[in-house]
Amino acid sequence: MIPLKSDYSILAIICIIYLVTIYYFQTTPKFVLLATEGFAIIYFTWGIAHHLRSGNFHTRIVLEYLLVALLGVAIVATLLI
């Protein structure tokens with residue numbers, strides 16, 4: 001099954017909301033970290049749902065999305081120190 005374009009539209013909207021939020025609250029590091037953690041959770045959940053809908057879900061995909069989300073949180077947390 002071909003992935004739905006609406007899946008990518010939803011991810012793009014979530015990314016834009018995250019970036020706008022980070023821009024407005026860039027002076028509050030704790031909130032930036034909290035928003036990043038929330039985005040990582042949403043990204044991980046979106047990845048799993050997307051691959052379940054497209055019919056190519058594997059354990060490797062879960063691990064990949066988890067590691068990318070954790071890497072993003074680690075990078076932002078390191079930059080905020």
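What you are looking at is a predicted structure, and each value in this text was computed from that prediction instead of being measured. Along each chain, numbering runs from 1 in the same order as the chain's sequence is written. With the structure being a predicted model, the display of local features is reserved for residues of pLDDT at least 70 and the display and counting of side-chain atom pairs for 80 or more, all residues being used for whole-chain, interface and lining totals. Working from all heavy atoms in the structure, the side-chain values ignore hydrogens and water.

This next bit is on the packing of helix H1 (residues 5-24) against helix H2 (residues 29-54). At their nearest, the axes of H1 and H2 sit 10 Å apart, and the two run at 175° to each other. Judged by the inter-axis angle, H1 sits roughly antiparallel to H2. Contact residues: H1 offers Ser6, Asp7, Tyr8, Ile10, Leu11, Ile14, Cys15, Tyr18, Thr21 and Ile22, while H2 offers Phe31, Val32, Ala35, Thr36, Phe39, Ile42, Tyr43, Trp46, His50 and Arg53. Each residue belonging to the contact of H1 with H2 can be placed in one class, and the counts come to 14 nonpolar, 4 polar and 2 charged. Axes here refer to lines fitted to C-alpha atoms; in helices the fit is confined to the stretch in contact. Angles between the N-to-C directions go from 0 to 180 degrees. Helix and strand assignments follow DSSP, with helices taken as H or I runs no shorter than four residues and strands as E runs no shorter than two, numbered in order from the N terminus. Each angle receives one of four descriptions, namely roughly parallel if under 35 degrees, roughly antiparallel if over 145, roughly perpendicular if within 65 to 115, and oblique otherwise. Residues are treated as being in contact if the distance between any of their heavy atoms lies within 4.5 Å. In this classification, Asp, Glu, Lys and Arg are treated as charged, Ala, Val, Leu, Ile, Met, Phe, Trp, Tyr, Cys and Pro as nonpolar, and every other residue, Gly included, as polar.

What follows concerns the nonpolar core. Definition of nonpolar core: a set of buried residues of the types Ala, Val, Leu, Ile, Met, Phe, Trp, Tyr and Cys, connected through side-chain atoms within 4.5 Å. Only protein chains enter the calculation, and the probe is 1.4 Å; a residue is then buried if its accessible area is under 20% of its type maximum, exposed if over 50%, and partly exposed in between. Counting residues in each nonpolar core, the largest one holds 8 residues, listed as Leu11, Ala40, Tyr43, Trp46, Ile61, Tyr65, Ala69 and Val73. Broken down by element, the residue count for this core peaks at 4 residues, all from helix H3 (residues 59-80). Once residues lying within four places of it in the same chain are set aside, the contact partners of tyrosine 65 are Tyr43, Phe44, Trp46, Gly47 and His51. One finds Ile22, Ala35, Phe39 and Val76 within the second-largest nonpolar core, a separate group that totals 6 residues.

In this section: the confidence of the model for the chain. For the chain, per-residue confidence averages 92 on the pLDDT scale, and residues scoring 70 or more make up 96% of the total. Within the chain, the lowest mean pLDDT, 93, falls on H1, and the highest, 96, falls on H3. What pLDDT conveys is the predictor's confidence in a given residue, as a value from 0 to 100.

A few words on the side chain of serine 54. Take serine 54: it is sitting in helix H2. The class for serine 54 is buried, based on a relative accessible area of 6%. The term polar contact refers here to a pair of N or O atoms within 3.5 Å; inside protein, the definition further demands a hydrogen-donor-capable atom paired with an acceptor-capable atom, and it admits residues adjacent in sequence only when both atoms are side-chain atoms. Within the structure, the side chain of serine 54 is placed 2.7 Å from the side chain of asparagine 56, a separation counted as a polar contact.

Quick look at the environment of glycine 55 now. Mapped onto the elements, glycine 55 comes out in the loop between H2 and H3. Glycine 55 sits 10 residues away from threonine 45 along the chain, and the two C-alpha atoms are 16 Å apart.

To continue, consider H3. One turn of an α-helix holds 3.6 residues; hence residues three or four places apart share an orientation. With 22 residues, H3 extends 32 Å from end C-alpha to end C-alpha; this agrees with the ideal 32 Å at 1.5 Å per step. Those residues of H3 that sit buried are Ile61, Tyr65, Ala69, Val73 and Val76. Taken end-on, H3 shows its buried residues confined to a sector of 100°, consistent with a single buried face. Residues of H3 that are exposed and angled more than 90 degrees away from the buried face: Thr59, Arg60, Leu71 and Thr78. Elements that come into contact with the buried residues of H3 comprise H1 and H2. Here a helix's expected span is defined as the number of its residues, less one, multiplied by 1.5 Å. To obtain the arc, one takes the directions from the helix axis to the C-beta atoms.

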